[in-house]
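# Reading the structure
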Amino acid sequence: MATLKGGEFLIKEIPANEIFSVEELNEEQKMLRDSAKEFIDREVVPQRERFEKKDYAFTEETMRKLGDMGMLGIAVPEEYGGLGMGFVTTMLACDYLSGTTGSLATAYGAHTGIGTLPIVLYGTEEQKKKYLPDLATGTKFGAYCLTEPDAGSDANSGKTRAKLSEDGKHYIINGQKMWISNAGFADTFTLFAKIDDDKTSQVSSSTDLSWRILKA
Ligand SMILES: Cc1cc2nc3c(=O)[nH]c(=O)nc-3n(C[C@H](O)[C@H](O)[C@H](O)COP(=O)(O)OP(=O)(O)OC[C@H]3O[C@@H](n4cnc5c(N)ncnc54)[C@H](O)[C@@H]3O)c2cc1C
């Protein structure tokens, strides 16, 4: 099956046999979808008010329960502590969860998507081994730091800078980020900064709030 780029699916003709339908879900995917639904109905729907009234401690508690169930590591490969079930299965869990409360949906999406996938897709082997097992199980939470006061849609205009320390062991980061979902309780931050005066943005991960990058 050909991989489509971006919004190409809107304008390109696609043969019927390449269109995914729910009838094609396997038993494992259906089981995961049903247990996500059962959890949301039991633990989230009756507590919707608490999420909407910004009870972040409760959001964190619920995220940990989702981690215990394996729901935070659906798309993380098994070798790094996840379920290795891929994008379609992630979508099945997100589907019901997202319609229930925007607050938990944002925390869940930020953690499993932008908080974890940059490391799954682009991390070094060392970074994957170091960060993914904790992110997949909800022992630690992830956040993604791109937006700045003057850089939203135009992400490349970000002013945050990363400068290699004199001993060459870590980067020193200076700048300002805003609207970072999960920042209040996250441990692992994927952060965009320009390295010295390089023209392109670079991504790095850190596990402490001073945003030092551990590996040069
Ligand atoms: C719930 C929520 C969670 C978020 N979580 C995160 C997070 O975890 N990490 C993070 O880094 N950021 C996060 N953000 C920030 C989000 O990524 C930015 O809001 C987004 O990138 C848009 O940037 P902006 O708000 O500065 O709007 P702007 O970029 O200033 O855009 C304002 C308006 O102008 C339009 N516009 C912009 N450029 C053009 C153009 N060239 N042509 C035509 N129209 C244009 C836009 O469509 C929009 O309507 C979050 C935002 C929300 C609402």
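Below is a summary of the structure that appears in this document. (Residues numbered from 1 in each chain as written. Predicted model: local features only at pLDDT ≥ 70, side-chain atom pairs only at ≥ 80, totals over all residues. Heavy atoms only, no water.)

### Let's talk about the overall build of the chain
- Counting its secondary structure elements, the chain contains seven helices and five strands.
- Shown N-terminal to C-terminal, the secondary structure of the chain runs as helices and strands in the order α-α-α-α-α-α-α-β-β-β-β-β.
- For the chain, the residues scored as buried account for 38% of the 216 residues in total.
- Counted over contacts in the chain with a minimum sequence separation of 6, partners at least 24 positions apart contribute 62%.
- For the chain, the exposed area adds up to about 12,700 Å²; of that, 53% sits on carbon and sulfur atoms.
- In the chain, which carries 25 positive and 33 negative side-chain charges, the distance between the mean positions of the two groups comes to 5 Å. (Helix = DSSP H or I, 4+ residues; strand = E, 2+ residues; numbered from the N terminus. Buried < 20%, exposed > 50% of the residue type's maximum accessible area, 1.4 Å probe, protein only. Contact = heavy atoms within 4.5 Å. Areas by Shrake-Rupley, 256 points an atom, 1.4 Å probe, with all protein chains shown as cover. Lys, Arg positive; Asp, Glu negative; His and termini not counted. Charge placed at Lys NZ, Arg CZ, Asp CG, Glu CD.)

### Considerations on helix 3 (residues 56-68)
- An ideal rise of 1.5 Å per residue puts 18 Å on 13 residues; helix 3 measures up with 18 Å between its terminal C-alpha atoms.
- Within the span of helix 3, buried status applies to Phe58, Thr59, Thr62, Met63, Leu66 and Gly67. (Expected span 1.5 Å × (residues − 1).)

### A word on the site of the ligand
- What surrounds the ligand is the set Ile114, Tyr144, Cys145, Leu146, Thr147, Gly152, Ser153, Trp179, Ile180 and Ser181.
- Within the backbone of Leu146, an N or O atom sits 2.8 Å from an oxygen atom of the ligand.
- Bound to the protein, the ligand loses 36% of the 980 Å² it would expose on its own.
- Across the shell around the ligand, the residue classes break down as six nonpolar, four polar and no charged. (Near = heavy atom within 4 Å. Polar contact = N/O pair within 3.5 Å; in protein donor to acceptor, adjacent residues only side chain to side chain. Nonpolar A, V, L, I, M, F, W, Y, C, P; charged D, E, K, R; others polar.)

### As for a nonpolar patch on the surface
- Nonpolar side chains collect at one region of the surface, where Leu4, Phe9, Leu10 and Ile11 lie side by side and expose about 470 Å² of accessible area between them.
- In this fold, Ile11 is placed in the segment before helix 1 (27-44). (Patch = residues over 30% accessible without salt bridge, like charges linked within 9 Å, V, L, I, M, F, W, Y side chains within 5 Å. Salt bridge = Lys/Arg side-chain N within 4 Å of Asp/Glu carboxyl O.)

### Observations regarding the pattern of salt bridges
- For the coordinates displayed, the defined rule picks out 15 salt bridges.
- Salt bridges linked by common partners bring Glu38, Arg42, Glu43, Glu61 and Lys65 together as one network.

### Focus on the nonpolar core
- In terms of nonpolar packing, the biggest core is built from 31 residues, with Met63, Leu66, Met71 and Tyr108 touching the most fellow members.
- Counting residues per element, the ones that place at least two in this core are helix 1, helix 3, helix 4 (86-98), helix 5 (102-114), strand 1 (142-145), strand 3 (171-174) and strand 4 (188-195).
- In this view, Tyr108 contacts Met63, Leu66, Met71, Leu72, Ile74, Ala93, Cys94, Leu97 and Gly113; residues no more than four positions away in its chain are not counted.
- Judged by nonpolar contacts, the second largest core, of eight residues, contains Val76, Tyr131, Leu135 and Ala136. (Core = buried A, V, L, I, M, F, W, Y, C linked by side-chain atoms within 4.5 Å.)

### As for the packing of helix 1 against helix 3
- Running from amino to carboxyl end, helix 1 crosses helix 3 at an angle of 150°, the nearest separation of the two axes being 12 Å. Considering the angle they form, helix 1 stands roughly antiparallel to helix 3. Where helix 1 crosses over helix 3, the handedness of that crossing is right-handed. Residues Phe39, Glu43 and Val44 of helix 1 pack against Phe58, Thr62, Lys65 and Leu66 of helix 3.
- In terms of residue class, the contact of helix 1 with helix 3 is built from four nonpolar, one polar and two charged. (Axes fitted to C-alpha atoms, helices over the stretch in contact; angles between N-to-C directions. Parallel < 35°, antiparallel > 145°, perpendicular 65-115°, else oblique. Left-handed = near helix turned anticlockwise from the far one by under 90°.)

### A short note on the environment of Thr137
- Looking at where Thr137 falls in the secondary structure, it is placed in helix 7 (residues 125-137).
- When the C-alpha positions of Thr137 and Phe192 are compared, they lie 25 Å apart, and in sequence the two are 55 residues distant.
- Leaving out residues up to four positions away in the same chain, Thr137 has contacts with Gly67, Asp68 and Gly81.

### Some thoughts on the state of the cysteines
- Taken as a whole and judged by the stated rule, the model has zero disulfides.
- Note on Cys94: no disulfide assigned, nearest cysteine sulfur contributed by Cys145 at a separation of 20 Å. (Disulfide = S-S within 2.5 Å.)

### Quick notes on the pairing of strand 3
- Residues Tyr171 and Ile173 point to one face of strand 3 and are all buried, whereas Ile172 and Asn174, pointing to the other face, are not buried.
- Bridging between strand 2 (residues 161-164) and strand 3 involves four bridges; their strand directions are antiparallel. Along strand 3, the bridge assignment pairs Leu164 with Tyr171.
- Following strand 2, the chain reverses through six residues before pairing antiparallel with strand 3; Gly168 in that reversal takes a positive phi of roughly 70°. (Pairing = 2+ DSSP bridges.)

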